[in-house]
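So the chains spell out like this:
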Amino acid sequence: MKNTFGTSVAVTLFGESHGAAVGAVLDGMAPGVAVDEDFIARQLTLRRPYGAISTGRVEADRFQIVSGVFSGCTTGTPLTVLIPNEDTRSRDYAATRALARPGHADYTAHVKYRGFEDYRGGGHFSGRVTAALVAVGAVAIAALRGRGIAVGTHIARCAGEFDRAFAENPADELAALSAKRFAVLDEAAGERMRRAIAAAAEAGDSVGGVLETAVTGLPAGVGEPWFDTLEGLLAHGLFSIPGVKGVDFGGAFDHTALRGSEYNDAFYMDGGAVRTRTNRNGGINGGISNGMPLLLRCAVKPTPSIFLQQQTVDFLRGEDAALQLNGRHDPAILHRARVVVDSVCALTLCDALAQRFGTDWLGGAPCAAD
């Protein structure tokens with residue numbers, strides 16, 4: 001029953017979709033990192049649903065930091081964030097308690113927890129729990145920024161519509177994305193995506209797509225060979241996000257038809273710094289960062305909660321059944337999941353950097369202690 005991720009900088013998640021609260025404990029973060037509650041609130045806003053392209057459940061996300069912060073700085077002790085659940089409608093799930101929603105964890109959770117699971121709204125498996133990841137992820141993002149490292153994600157593909165790819169040096173694009181609620185590089189593509197999501201919602205259906213993430217400023221030498229490669233650590237964290245079904249680095253699946261002479265990233269010297277002329281390896285060689293921008297993509301499946309009738313089973317009666325969902329559900333989660341991806345990447349990188357340079361490497365400079 002593993003709900004903790006990380007070694008030197010670790011995050012533990014707790015709570016259920018319709019429980020009293022969701023929350024997280026961030027342990028191992030260096031002392032002296034500035035904690036800006038306005039920034040945390042803004043990050044939570046990026047995850048919050050809005051309009052016809054999202055669920056009707058809109059939580060206020062009035063978070064409370066109950067430990068680990070003093071005078072606006074991390075103390076180095078466990079940082080705990082609580083986010084109450086205030087907009088719940090548990091009655092929406094009572095009638096379908098034993099019906100396994102296709103694509104959801106209802107059946108597997110029932111088997112694992114022997115029927116004692118909180119089934120309302122997906123319980124502990126709900127995307128609602130990612131609000132806590134975003135809250136502590138904001139602290140990790142701030143710690144990385146103090147070291148000149150930026151993380152950003154855009155919607156590369158949604159419902160058959162494509163955004164343009166990141167530039168060779170995406171630093172300016174990451175800064176622009178941080179202010180966008182619907183994170184695309186090409187606004188015309190974004191409008192086509194929003195129309196496609198709205199059309200799926202109107203039909204009672206859903207869509208998925210691909211999120212592309214870039215990290216700039218990451219020094220070379222981060223990551224371990226074999227079992228704790230930087231790709232492995234990031235993929236481990238990213239696969240915890242509900243709906244993520246695939247992760248690749250540098251667009252790997254798109255490049256499998258290339259020959260080695262086309263795929264390899266040629267090295268060159270740039271004013272004393274080692275760089276590569278292309279970045280098809282996504283900034284990682286041998287599981288270790290090489291100093292180029294880190295590039296990765298997450299495949300996000302169509303939201304499994306749809307309003308069309310589906311075939312399923314009643315796992316308590318042991319018989320086939322039909323399912324017709326009611327309630328409030330997202331026709332797409334890409335635009336909300338993008339900040340969750342940023343948060344998980346930041347938390348994972350903080351852990352990897354702390355293992356490489358020591359636990360205090362991330363702290364001190366951004367925050368002046370009293």
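To keep things clear, this report deals only with the structure shown in the data block. (Residues numbered from 1 in each chain as written. Predicted model: local features only at pLDDT ≥ 70, side-chain atom pairs only at ≥ 80, totals over all residues. Heavy atoms only, no water.)

### What about the overall build of the protein chain?
When you go through the protein chain residue by residue, the secondary structure sums to 9 helices and 18 strands. Against the compact-globule benchmark of 21 Å for 370 residues, the protein chain has a radius of gyration of 21 Å, which places it among compact chains. Burial statistics for the protein chain: of 370 residues in total, 50% are counted as buried. Contacts in the protein chain between residues far apart in sequence, at least 24 positions, make up 73% of those at least 6 positions apart. Within the structure as shown, the protein chain displays about 16,600 Å² of accessible surface, and the carbon and sulfur contribution to it stands at 53%. Taking the average location of the 35 positive side-chain charges in the protein chain and that of its 40 negative ones, the two points are 2 Å from each other. (Helix = DSSP H or I, 4+ residues; strand = E, 2+ residues; numbered from the N terminus. Rg over C-alpha atoms; globule rule 2.2 N^0.38 Å. Buried < 20%, exposed > 50% of the residue type's maximum accessible area, 1.4 Å probe, protein only. Contact = heavy atoms within 4.5 Å. Areas by Shrake-Rupley, 256 points an atom, 1.4 Å probe, with all protein chains shown as cover. Lys, Arg positive; Asp, Glu negative; His and termini not counted. Charge placed at Lys NZ, Arg CZ, Asp CG, Glu CD.)

### Some details on the nonpolar core
Ranked by internal contacts, the top residues of the largest apolar core, which has 77 residues, are Met 29 and Leu 238. With 14 residues, helix H9 (residues 334-357) is the single largest residue contributor to this core. Among residues more than four places away in sequence, those in contact with Met 29 are Val 9, Thr 74, Gly 76, Val 139, Ala 140, Ala 143, Cys 350 and Leu 362. Phe 166, Leu 174, Ala 183 and Leu 295 belong to the second-largest nonpolar core, a separate cluster that totals 7 residues. (Core = buried A, V, L, I, M, F, W, Y, C linked by side-chain atoms within 4.5 Å.)

### Describing the sheet that holds strand S8 (residues 150-158)
What the 5 strands build is an open sheet, ordered S9-S8-S10-S16-S11; its pairing is antiparallel. Edge strands, defined here as strands with exactly one partner in the open sheet, are strand S9 (161-162) and strand S11 (244-249). Pairing analysis gives 5 bridges linking S11 to strand S16 (residues 294-300), with the strands arranged antiparallel. Across the sheet, Phe 249 pairs through a bridge with Leu 296, a residue of S16. (Pairing = 2+ DSSP bridges.)

### Quick word on the pattern of salt bridges
As enumerated under the stated definition, the model contains 16 salt bridges in all. Asp 118 is the partner of Arg 120 in a salt bridge, and the nearest nitrogen-oxygen pair spans 2.8 Å. Exposure remark for Arg 120: the relative accessible area of 25% places this residue in the partly exposed category. One salt bridge in this structure joins Lys 180 and Glu 187, with 2.8 Å as the shortest N-O distance. (Salt bridge = Lys/Arg side-chain N within 4 Å of Asp/Glu carboxyl O.)

### So, the pairing of strand S13 (residues 273-276)
Where strand S12 (residues 267-270) lies against S13, 4 bridges are found, and the strand directions are antiparallel. Its bridge partner being in S13, Tyr 268 is matched across the sheet by Arg 275. Hairpin connection between S12 and S13: a loop of 2 residues separates the two successive antiparallel strands, and Gly 271 in this loop has a positive phi of roughly 60°.

### Describing the layout of surface pockets
Any empty space left between atoms is shown by rolling a water-sized probe over those atoms. Here the second largest pocket is characterised by a volume of approximately 450 Å³. Along the walls of the second largest pocket sit 27 residues, with Ala 165, Phe 166, Glu 212, Gly 250 and Leu 295 positioned nearest its centre. Broken down by secondary-structure element, the contributors of at least two residues to the lining of the second largest pocket are S8, strand S10 (209-216) and S16. Classifying every residue of the lining of the second largest pocket by side-chain character gives 11 nonpolar, 7 polar and 9 charged. (1 Å grid on protein atoms, 1.4 Å probe; cavity = no way out; pocket = protein on both sides within 12 Å on 5 of 7 lines; lining within 4 Å. Points joined across faces, edges and corners; volume = space filled by probe spheres on them. Nonpolar A, V, L, I, M, F, W, Y, C, P; charged D, E, K, R; others polar.)

### A word on the side chain of Thr 229
With respect to the helices and strands, the residue Thr 229 is situated in the loop between S10 and helix H7 (230-238). Residue classification places Thr 229 among the buried positions, given a relative accessible area of 15%. Look past the residues within four positions of Thr 229 in its chain and what remains in contact with it is Glu 224 and Gly 287.

### Some remarks on the sheet that holds strand S3 (residues 21-27)
Read from one edge of the open sheet, 5 strands run S1-S2-S3-S7-S4, paired in antiparallel fashion. Across the chains shown, the open sheet's two edge strands, defined by having one partner strand only, are strand S1 (4-5) and strand S4 (64-67). Bridge count between strand S2 (residues 10-15) and S3: 6 bridges; the pairing is antiparallel. The residue of S3 that forms the bridge with Ala 10 is Asp 27.

### Section: the packing of helix H1 (residues 37-47) against H9
Remark: H1 packs on H9, axes separated minimally by 7 Å, with the N-to-C direction vectors making an angle of 145°. Facing H1, whose interface residues are Gln 43, Leu 46 and Arg 47, H9 presents His 335, Arg 336, Arg 338, Val 339 and Val 340. Residues of the contact of H1 with H9, tallied by class, amount to 3 nonpolar, 2 polar and 3 charged. (Axes fitted to C-alpha atoms, helices over the stretch in contact; angles between N-to-C directions.)

### Notes on helix H6 (residues 187-202)
Relative to the 22 Å expected for 16 residues at 1.5 Å per residue, H6 spans 23 Å between its end C-alpha atoms, a close match to the ideal helical length. Taken together, the buried positions of H6 are occupied by Ala 189, Gly 190, Met 193, Ile 197 and Ala 200. The buried residues of H6 all sit within an arc of 100° when viewed along its axis, so they share a single face. Turning to H6, the residues buried within the fold contact S8, S9 and H9. Where H6 terminates, the next one or two residues include Gly 204, which has phi positive at roughly 75°. (Expected span 1.5 Å × (residues − 1). Arc of directions from axis to C-beta.)

### Things to note about the environment of Val 129
You can see Val 129 is positioned in the loop between helix H3 (106-112) and helix H4 (130-145). Residue classification places Val 129 among the buried positions, given a relative accessible area of 5%. In this structure, the C-alpha to C-alpha distance between Val 129 and Ser 17, residues 112 residues apart in sequence, is 6.7 Å. Among residues more than four places away in sequence, those in contact with Val 129 are Leu 13, Phe 14, Gly 15, Val 22, Gly 123 and His 124.

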